[in-house]
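A look at the structure
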Amino acid sequence: MLTTVCTLLLLLAGALVVGTRSSLSVPDWPLSFGQVMPEMTGGVFFEHGHRMVATLVGFLTLVLAVWLWRSEPRAWVRQLGGVALIEVILQGVLGGITVLYLLPAPISITHACLAQLFFCICLTLALVTSSYWDAPALPLMDSGAPAFRYVGVAATASVFLQLITGAGLRHRVFSVIPHISTALLVCFMVGWAVLRAMRLREQKPFQQIAMGLGILLALQVMLGLLSYFSRAAHAGMPGPAPLVVWTTSAHLVTGALLLGLSWTLTLLAFRRSAGTMNLRDVSGAK
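Every chain is numbered on its own, with residues counted from 1 as its sequence reads. Reporting in this predicted model follows two pLDDT cut-offs: at least 70 for local features of residues, and 80 or more for side-chain atom pairs to be given and counted; totals over whole chains, interfaces and linings ignore these cut-offs and use all residues. Side-chain metrics rest on all non-hydrogen atoms present in the structure, leaving aside hydrogens and water.

**Structural notes on the side chain of arginine 196**
Helical segments are the DSSP runs of H or I of at least four residues, strand segments are the runs of E of at least two, and each set is numbered from the N terminus. Topologically, arginine 196 is positioned in helix α6 (residues 176-198). For each residue, the accessible area found with a 1.4 Å probe, counting protein chains only, is set against the maximum for its type, and the residue is called buried under 20%, exposed over 50%, and partly exposed in between. Take arginine 196: its relative accessible area is 11%, and that puts it in the buried class. By the criterion applied in these results, polar contacts are pairs of N or O atoms within 3.5 Å in which, for protein atoms, one can donate a hydrogen and the other can accept it, and in which residues neighboring in sequence qualify only through two side-chain atoms. Here proline 146 takes part through its backbone oxygen, which lies 2.9 Å from a polar atom of the side chain of arginine 196.

Below you can see the structure in the form of structure tokens.
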């Protein structure tokens with residue numbers, strides 16, 4: 001849970017780097033102006049601050065992976081911890097490439113999207129190592145078509161697609177049209193998942209998560225509109241306007257929360273669905 005929260009803070013720090021146009025405030029990597037701790041002024045505060053939070057997340061991921069490997073009986077959970085460690089190292093390398101090669105758009109977009117995937121991995125580890133994952137619960141009796149768990153998959157995929165177009169928009173590869181189009185898709189798919197979850201009988205946790213999804217979706221739409229119109233209103237300004245910086249950053253973080261909550265709902269749907277295999281059995285652990 002600690003690693004997950006710090007990863008969310010890292011996403012915010014990265015959003016602030018782009019929003020404040022501080023991406024190349026530090027020209028070298030892995031050091032900053034050849035130092036471990038440069039003077040934290042101007043854009044260096046955001047760029048080097050992002051690196052500091054990233055270092056913390058990397059350290060926590062290393063601790064988590066080792067801890068899982070030593071004490072976790074389920075092989076697939078240990079392996080997922082190893083995947084998290086590999087991905088956080090890859091993220092650091094991609095971050096260095098974006099600096100050394102002056103923000104190549106494909107690398108920057110990949111860096112942004114992998115960050116969202118890493119957040120989902122951390123959420124998964126937090127969920128499956130919690131007592132709730134194996135707590136006795138009523139099986140999810142779902143007679144709808146398609147099955148609720150597949151609606152959850154589609155909703156999560158649509159949110160991730162929108163995050164891809166959002167990253168492309170922030171790095172000036174896509175226009176706003178693809179992002180708006182995927183936003184409409186997200187509204188439909190997440191709205192469908194929320195309605196289906198609210199109709200599940202005797203599944204209060206699913207309904208609570210669905211309510212959270214609905215609230216986040218409404219907030220995300222409002223932040224998207226505010227971000228778009230604030231950008232238009234401050235288009236002629238020489239520097240980044242604080243309103244634009246914070247609305248776009250909040251929009252990104254809310255998108256990550258929307259993705260994470262949709263993914264959590266999907267994982268629980270697979271876990272609780274009647275007739276699905278127990279992941280502990282799949283791993284072969286005893």
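**Quick look at helix α3 (residues 75-100)**
The terminal C-alpha atoms of α3, which comprises 26 residues, lie 38 Å apart, in line with the 38 Å expected from a rise of 1.5 Å per residue. Phi turns positive one or two residues past the end of α3, at leucine 102, with a value near 60°. Multiplying 1.5 Å by the helix residue count minus one yields the expected span of that helix.

**Points about the confidence of the model for the chain**
pLDDT gives the predictor's per-residue confidence on a scale running from 0 to 100. Model confidence for the chain is summarised by a mean pLDDT of 89, while 94% of its residues fall at 70 or above. Mean pLDDT per element in the chain: helix α9 (residues 279-283) is the minimum at 41, and helix α2 (residues 43-71) is the maximum at 96. When checking whether two residues touch, look at their non-hydrogen atoms; a contact exists if any pair is within 4.5 Å. Below pLDDT 50 for its whole length, residues 275-286 participates in 18 contacts with residues either more than four positions away or in separate chains.

**Some thoughts on the packing of α2 against α3**
Where α2 contacts α3, the two axes come as close as 8 Å, and the packing angle between them is 160°. As the angle between them shows, α2 and α3 are arranged roughly antiparallel. The handedness of the crossing between α2 and α3 is left-handed. Contact residues: α2 offers Glu47, Arg51, Val57, Gly58, Thr61, Leu62, Ala65, Leu68 and Trp69, while α3 offers Val77, Arg78, Gly81, Ala84, Leu85, Val88 and Val99. Here the axes come from fitting lines to C-alpha atoms, over the contacting stretch only for helices, and the angles between their N-to-C directions go from 0 to 180 degrees. For classification purposes, an angle smaller than 35 degrees is called roughly parallel, one larger than 145 roughly antiparallel, one from 65 to 115 roughly perpendicular, and anything else oblique. Helix crossings get a hand from a simple test, with the near helix turned counterclockwise from the far one by less than a right angle marking a left-handed crossing and a clockwise turn marking a right-handed one.

**Side note on the environment of serine 227**
Note that serine 227 resides in helix α7 (residues 204-233). Taking the C-alpha atoms as reference points, serine 227 and arginine 170, 57 residues apart in sequence, are found 12 Å from one another. Non-local contacts of serine 227, meaning those with residues more than four positions away in its chain, are made with Thr247 and Thr248.

**Some details on the layout of surface pockets**
Both cavities and pockets are sets of points on a 1 Å grid over the protein atoms alone; in a cavity a 1.4 Å probe fits but cannot get out, in a pocket the set is open with protein on both sides within 12 Å along at least five of seven lines, and lining residues sit with an atom within 4 Å of a point. Grid points are joined across faces, edges and corners, and a volume is the space filled by probe spheres set on the points. Its volume calculated, the second largest pocket comes out at about 330 Å³. What lines the second largest pocket is a set of 14 residues, among which Met1, Thr3, Leu64, Trp67 and Thr129 lie closest to the centre. Only α1 (2-19), α2 and α4 (105-128) provide two or more residues apiece to the lining of the second largest pocket. At six residues, the largest contribution of residues to the lining of the second largest pocket is made by α2. In terms of residue class, the lining of the second largest pocket is built from 10 nonpolar, four polar and no charged. Under the grouping applied here, Gly and all other residues not named as nonpolar or charged are polar, the nonpolar ones being Ala, Val, Leu, Ile, Met, Phe, Trp, Tyr, Cys and Pro and the charged ones Asp, Glu, Lys and Arg.

**Comments concerning the packing of α1 against helix α8 (residues 242-272)**
Their axes nearest at 9 Å, the elements α1 and α8 cross at an angle of 145°. For the pair α1 and α8, the crossing hand works out as right-handed. For the pair α1 and α8, contact is made by Leu8, Leu11, Leu12, Ala15, Leu16 and Gly19 and by Val245, Trp246, Ser249, Leu252, Val253, Ala256 and Leu257, respectively. Of the residues in the contact of α1 with α8, the class split is 11 nonpolar, two polar and no charged.

**Regarding the nonpolar core**
Residues enter a nonpolar core if they are buried and are Ala, Val, Leu, Ile, Met, Phe, Trp, Tyr or Cys, with the set joined through side-chain atoms within 4.5 Å. Grouped together as the largest cluster of nonpolar side chains are 43 residues, with contacts concentrated most on Leu125, Phe148, Val159, Val190, Phe206 and Leu258. No other element matches α4, which puts seven residues into this core. For phenylalanine 148, the residues in contact, after removing those within four places along its chain, are Leu140, Asp142, Ala193, Arg196, Ala197, Leu200, Phe206, Leu265 and Ala269. Residues Leu11, Phe119, Leu252 and Ala256 belong to the second largest nonpolar core, which totals seven residues.

**Brief notes about the side chain of threonine 264**
Structurally, the position occupied by threonine 264 is in helix α8. There is a polar contact of 2.8 Å between the side chain of threonine 264 and the backbone oxygen of glycine 260. The residues contacting threonine 264, other than those within four sequence positions of it, are Leu123, Leu127 and Ile209.

**Digging into α4**
Helix length check: α4 (24 residues) gives 35 Å between terminal C-alpha atoms against 34 Å at 1.5 Å per residue, within 8%. α4 sits mainly inside the fold: 18 of its 24 residues count as buried.

**Examining the packing of aromatic side chains**
Pairing of aromatic rings covers Phe, Tyr and the six-membered ring of Trp, with a centre-to-centre limit of 6.5 Å; geometry is then stacked below 30 degrees between planes, edge-to-face above 60, and tilted otherwise. All told, the structure shown has five aromatic pairs when counted by the stated rule. Centre to centre, the rings of tyrosine 150 and phenylalanine 270 are 5.9 Å apart; their planes meet at 85°, and the pair counts as edge-to-face. Taken as a pair, tyrosine 150 in helix α5 (residues 148-170) and phenylalanine 270 in helix α8 lie far apart in primary sequence, 120 residues in all. Here phenylalanine 188 and tryptophan 192 contribute two aromatic rings whose centre-to-centre distance is 6.1 Å and whose plane-to-plane angle is 40°, an arrangement assigned as tilted. In this pair, phenylalanine 188 and tryptophan 192 are both assigned in helix α6, four residues apart and thus about one turn of the helix distant. Here phenylalanine 188 falls in the exposed class, since its relative accessible area comes to 54%. Charges are assigned to positions over rings by a cutoff of 6 Å between ring centre and Lys NZ or Arg CZ, combined with an angular limit of 35 degrees from the ring normal. Note that arginine 78 overlies the ring of tryptophan 69, its terminal NZ or CZ placed 5.3 Å from the centroid. The ring of tyrosine 132 has arginine 272 sitting right over it, with the charged end atom 5.0 Å from the ring centre.

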